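Take a look at the letters that make up each chain.
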Amino acid sequence: MTIRFATTADAIRIIRAIQNKRMDYNTPQDVREDVNAGRLIVAEENGKLLGSVAVVYKAHRGYYAIMRMCVYSKASKGKGVASALIDYVLALGLGTYGATPWNDNPAMIHIFVKRGFEYQYTFKTKYDFYKKTT
């Protein structure tokens with residue numbers, strides 16, 4: 001599996017993948033903005049895009065937000081795609097990171113906790129905020 005920053009050539013494939021999943025937290029506009037800003041990271045294997053994550057600096061909060069994590073197909077779930085994406089983001093060594101997995105997603109929570117993220121609080125009843133400083 002290769003982890004890399006997304007290119008404009010990837011955008012159309014990513015948009016198709018997220019539209020197939022009917023996601024409300026990751027829109028075509030988000031993809032375009034993230035690619036153009038150089039903050040979208042993708043996992044790829046044998047030319048097939050497996051998933052993506054955006055890393056967005058939140059200046060008013062003082063951390064890099066790990067946002068819009070998505071593994072595109074059910075066949076790729078449980079294969080380490082999300083873990084590989086998070087490990088890549090952490091290896092960038094940007095400083096403090098924040099993540100907000102849904103509190104009914106124990107797999108994502110486990111990935112963050114295993115990498116040293118600490119629970120901070122819950123908001124909007126379904127989002128848990130986790131934080132880590134590298």
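Above this note sits the structure.
Below: a short report on this structure. Owing to the predicted nature of the structure, the values given are computational and were not obtained by experimental measurement. (Residues numbered from 1 in each chain as written. Predicted model: local features only at pLDDT ≥ 70, side-chain atom pairs only at ≥ 80, totals over all residues. Heavy atoms only, no water.)

### Brief notes about the packing of helix α3 (residues 81-91) against helix α4 (residues 106-114)
Cut-off, in case you're wondering: Lines are fitted to the C-alpha atoms to define the axes, a helix being fitted only along its stretch in contact, and any angle between axes, read from their N-to-C directions, falls within 0 to 180 degrees. A run of H or I in DSSP counts as a helix once it spans at least four residues, and a run of E counts as a strand once it spans at least two, with each numbered from the N terminus. Handedness of a crossing follows from how the near helix is turned relative to the far one, being left-handed for an anticlockwise turn of less than a right angle and right-handed for a clockwise one. When checking whether two residues touch, look at their non-hydrogen atoms; a contact exists if any pair is within 4.5 Å.
Close contact between α3 and α4 brings their axes to 10 Å; oriented N to C, the two are set at 35°. Considering only the axes of α3 and α4, their crossing is right-handed. The residues of α4 that touch α3, namely those facing A82, S83 and I86, are M108, I111 and F112.

### Remarks on the side chain of N26
Summarising the element assignment, N26 is placed in the loop between α1 (8-21) and α2 (28-36). When near neighbours in sequence (up to four residues on either side) are disregarded, N26 contacts I18, V31, R68 and C70.

### Notes on the nonpolar core
Quick reminder of the rule: What makes a nonpolar core is a set of buried Ala, Val, Leu, Ile, Met, Phe, Trp, Tyr and Cys residues whose side-chain atoms join them at distances within 4.5 Å. Think of it in three bands: residues with accessible area under 20% of the maximum for their type are buried, residues over 50% are exposed, and the middle band is partly exposed, with areas taken using a 1.4 Å probe on protein chains only.
Core analysis: the largest hydrophobic core is formed by 23 residues, its most contacted members being I66, L85 and F117. Contributions of two or more residues to this core are made by β2 (40-45), β3 (48-58), β4 (63-71), α3, β5 (96-99) and α4. With six residues, α3 is the single largest residue contributor to this core.

### Remarks on the packing of aromatic side chains
Applied cut-off: For this analysis, a ring pair means two rings from Phe, Tyr or Trp (six-membered ring only for Trp) whose centres lie within 6.5 Å, classed as stacked if their planes differ by under 30 degrees, edge-to-face if by over 60, and tilted for the remaining angles.
Throughout the structure, instances matching the rule amount to nine aromatic pairs. Between Y63 and F129, the aromatic rings sit 5.3 Å apart at their centres with planes inclined by 45°, giving tilted as the arrangement. A residue pair is termed long-range when its members are at least 10 positions apart, and Y63 in strand β4 and F129 in strand β7 (residues 127-133) qualify at 66 residues. On the basis of relative accessible area, F129 is assigned to the buried category, the value being 5%. With a centroid separation of 6.1 Å and an interplanar angle of 55°, the aromatic rings of Y121 and F123 are classed as tilted. The structure contains a cluster of three or more aromatic residues connected by ring pairs, namely Y63, Y121, F123, Y127 and F129.

### Some points on α1
Here is the rule we go by: Every helix has an expected span of 1.5 Å times one less than the residues it contains. To be clear, the arc concerns the directions from the helix axis to the C-beta atoms.
For α1, with 14 residues, the first-to-last C-alpha span of 21 Å sits near the 20 Å given by 1.5 Å per residue. Taken as a whole, α1 has its buried residues at D10, A11, I14, I15, A17 and I18. When α1 is viewed along its axis, its buried side chains cluster within an angular range of 165° and face the same direction. Turned more than 90 degrees away from the buried face of α1, the exposed residues are A9, I12, R16 and N20. Packed against the buried residues of α1 are β1 (2-5), α2, β2, β3 and β4. Backbone geometry just downstream of α1 places R22 in the positive-phi region, at approximately 50°.

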